[in-house]
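Examining the three-dimensional arrangement
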Amino acid sequence: MRILLVEDERKVAEMVSRGLRSERYAVDIAENGDTGWAMAHTYDYDLVILDLGLPGMDGRELLRRVRVRNAKVPILVLTARDATESKVESFEAGADDYLTKPFAFAELVVRVKALLRRGPANQSNVVRIGDLEFDRLTQQVSRGGQRIELTPKEYALLDYLAAHPGRVLSRTMIVEHVWDQSFEGLTNIVDVYVRHLRAKIDDPFPVKLIRTVRGAGYRLADEATT
Amino acid sequence: MNTRSIRFRLAAWHAVLFVAVFAVLGALLYLSVRQYLDDTLLETQGRRARQIAETLLVNAPRTGEAYVVSEIKSLYSPELSNRFIRVSRADGSVAYVSGPPNDQSFDPSGVPALGPGTAAASTRLQKLDDGRSLLVASFRAATAEGSPYVVEVGTSAEPVQRFARHLLVLLALGLPLVVAVAAAGGYLLARRALEPVEELAVKAENITQHNLSERLPVTDTGDELERLSVALNLMITRLDDAFSNSKRFVADASHELRTPLTVIQGELENLAADAHLPSDQRDRIGSALEDVERLGKTVQKLFALSRLDAGEAQEEWIRLDLAALAGATSDQMLLLAEDKNITVTRDVGSPVHVMGDRARLKQVVVNLLDNAFKYTRPGGSVHLKVHEASGRGVLEVADTGVGIPAEAVPLVFERFFRVDRDRSLEGDGAGLGLAIVKSICVAHGGRVDVESAVGSGSRLTVTLPLAAG
């Protein structure tokens, strides 16, 4: 998988490309819009990550041109500008996703994966993490064969954590996916719900599945097997 | 009709001025016409009197009074021509007086005698006892013998007075017409003159911060309105500059703050991912990451506030049920209250429709409930109520929390304000939550108020305009 990263901030570009390479993606960096356009024009990329505020050719213009040339390549827009309209404009210009800086790297990876997968993953209805098991259709959860009753919010939280097993998910990501942006100010809402979820799926069992990563977020994984 | 509009006032002034001018001119006309008619009549009488005196009376000693009288009768036939003629001797006795006139317009015998010592020629307006008046001219005829006669010739003032009355009636009748024409004319003139002003006003009203690049049409008329529109356009240009400067500043500030934050967060995450890191160092990095995240959130909230203040609040503008929104939002937060053993009661059963941006209004509910939960001790309660009151949608969040000291109440909606760091039972957040609530309410044409008593709790009340229909 080859990714084109168009980003003029050298440090951001380095940080992002290093992280993506460690996830085994090939990353090309373009430091301005014109180079970005030349590269997007020359090679066939599987994904374009594009910063909107670029020297030379403006990010929006580049976005429009890339989209005109290749209707299928997924485009993830990054921006440090704060304006409502840029979000709307970006989607109108053909962006597939939009991420405002600063972001947790895990968030970027999750989005990149989702974009490269194009559409829902081959999610089987039954999810297993260690001896935890749940059915996405009936929303029934059990661990070690023991039925566990979850509230709808607790279930949504578990479902989201389980969709990215082994990956640290930040509170912001969790709030945005399980609640919505209006709840973003309430970081402790995640902690409270995670605590309640833990009380049901972890506390009664010797092996803990939900891990807290200080400063980063939560991770759901069967540590024994990973 | 707006009685304070320039149009109305101009029309009124126009009418008043016209009426004043008309009244003054009318009075002058009336007076001078009367004067002229009186003078003309008197002059005619005077001429006759002089004629009689100089052609007949001077010869009276020779011809005898009887001849004079017969001459007067035959030459002037006063009764037939409705004229008054009287000839008096020097001693005041009457030598001749004409009979009652044909038209009975006066009674000759009722005309008072002319007093002695009158000038050689005089005129007067003689009032009669029956209320009628006579215009009389007298002439003193000195004969060679020196026994002077006085001859008086008069005619009824009635026709002149009738004419003057007619003129007065005409003027009086003309007055309302003048008022009407002046008012209507003034109104129409003012309307024509002010039409461009109205146009300017409508165009100016349509210019908001979203279309500051537009300008008012400038009429190339060289008049005051051209000056006004040019001046307004200059003002809009200055506003446009100020707005785009502040927009650019916000965008630049955002970029300058967010870019290094991205790098710091990324590098710290990278470091923390190192499996060989000693746990105390991992902890310190985690702590730094927590603060980076907090800083990121503060930056985001600040920019959200500045966007709200710049009037860019509305990503959408729809009719929505505030009660249902508050109910659904609180559902998602109940565990927070439960976790602190706070009882939540809700009164959100009847729909209250308002216009607005769903995400923003949801933010209001989230921030208010979060605030209430934060400042309420375990065992307390929070009441959420949405209802209509005096044509407004009202959302109330009342808690039995620690309350706000009276001196801090006016400040709770200020940015970064926190009553007391110790009071914050869960010390996260930057003190922007209620400032955001206020900005959202204001952007929706509403308001937020707070009542509070230390120790017994606070009540925050959001008031929003109801959706039409």
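Residues numbered from 1 in each chain as written. Chains lettered and ligands numbered in written order. Predicted model: local features only at pLDDT ≥ 70, side-chain atom pairs only at ≥ 80, totals over all residues.

1. Observations regarding the overall build of chain B
A tally of regular secondary structure across chain B gives ten helices and twelve strands. Sorting the 469 residues of chain B into buried and exposed places 30% on the buried side. Put simply, of all contacts in chain B between residues at least 6 apart along the chain, 64% involve residues at least 24 apart. (Helix = DSSP H or I, 4+ residues; strand = E, 2+ residues; numbered from the N terminus. Buried ≥ 20, exposed ≤ 12 C-beta atoms within 10 Å, placed from the backbone. Contact = placed C-beta atoms within 7 Å.)

2. Observations regarding the interface of chain A and chain B
Contacts between the two partners involve 32 residues from chain A, matched on the other side by 42 residues from chain B. Listing elements by their share of the side of chain A that touches chain B, those giving two or more residues are helix H1 (10-22) and helix H8 (187-201) of chain A. Here the residues of the side of chain A that touches chain B sort into 15 nonpolar, ten polar and seven charged. (Nonpolar A, V, L, I, M, F, W, Y, C, P; charged D, E, K, R; others polar.)

3. Overview of the sheet that holds strand S3 (residues 47-51) of chain A
Residues and elements named next belong to chain A. Strands sit in the order S2-S1-S3-S4-S5 across an open sheet of five strands; the sheet is parallel. Both edges of this open sheet fall to strand S2 (26-30) and strand S5 (97-100), since each of them pairs with a single strand only. Between one strand and the next, the sheet's axes are offset by a mean angle of 20°, whatever the strand orientation. Both strand S1 (residues 2-6) and S3 contribute to a ladder of four bridges, which runs parallel. Bridge assignment links Leu5 to a residue of S3, and that residue is Ile49. (Pairing = 2+ DSSP bridges. Axes fitted to C-alpha atoms, helices over the stretch in contact; angles between N-to-C directions.)

4. Some points on the nonpolar core
One finds Val48, Leu50 and Ile189 of chain A together with Leu322, Ala326 and Leu369 of chain B to be the most contacted residues of the largest nonpolar core, which totals 113 residues. With eight residues, helix H9 (residues 358-374) of chain B is the single largest residue contributor to this core. Counting residues in each nonpolar core, the second largest holds 25 residues, with Leu57, Val87, Phe106 and Tyr149 of chain B among its members. (Core = buried A, V, L, I, M, F, W, Y, C linked by C-beta atoms within 7 Å.)

5. Description of the confidence of the model for chain B
Looking at chain B, the pLDDT average stands at 86 and 95% of residues meet or exceed 70. Here the predicted complex scores 0.66 on pTM and 0.84 on ipTM. (pLDDT = per-residue confidence, 0-100.)

6. Side note on the sheet that holds strand S4 (residues 133-141) of chain B
All names here are of chain B. The antiparallel open sheet is built from five strands, whose spatial order is S2-S1-S5-S4-S3. In the strand order of this sheet, the two ends are held by strand S2 (94-97) and strand S3 (121-127), each with one partner. When strand polarity is set aside, the average angle formed by the axes of neighbouring strands in this sheet is 20°. Packing of helix H1 (residues 6-55) onto the sheet brings it into contact with S3, S4 and strand S5 (149-156), and relative to S4 it is tilted by some 35°.

7. Points about the environment of Leu200 of chain B
Residue and element names in this part refer to chain B. Assignment of secondary structure puts Leu200 in helix H4 (residues 158-205). Placed 29 residues apart in sequence, Leu200 and Ser229 show a C-alpha to C-alpha distance of 7.3 Å. Residues contacting Leu200, with those up to four places away along its chain left out, are Leu216, Leu228 and Ser229.

8. Examining the packing of helix H6 (residues 279-309) of chain B against helix H10 (residues 433-443) of chain B
All names here are of chain B. Contact pair H6 / H10: the axes reach a minimum separation of 9 Å and the direction vectors enclose 20°. The angle between H6 and H10 falls in the class roughly parallel. The handedness of the crossing between H6 and H10 is left-handed. Contacts between H6 and H10 involve Lys301, Ala304, Leu305, Leu308 and Asp309 from the first element and Ala435, Ile436, Ser439, Ile440 and Ala443 from the second. In the contact of H6 with H10, the residues fall into seven nonpolar, one polar and two charged. (Parallel < 35°, antiparallel > 145°, perpendicular 65-115°, else oblique. Left-handed = near helix turned anticlockwise from the far one by under 90°.)

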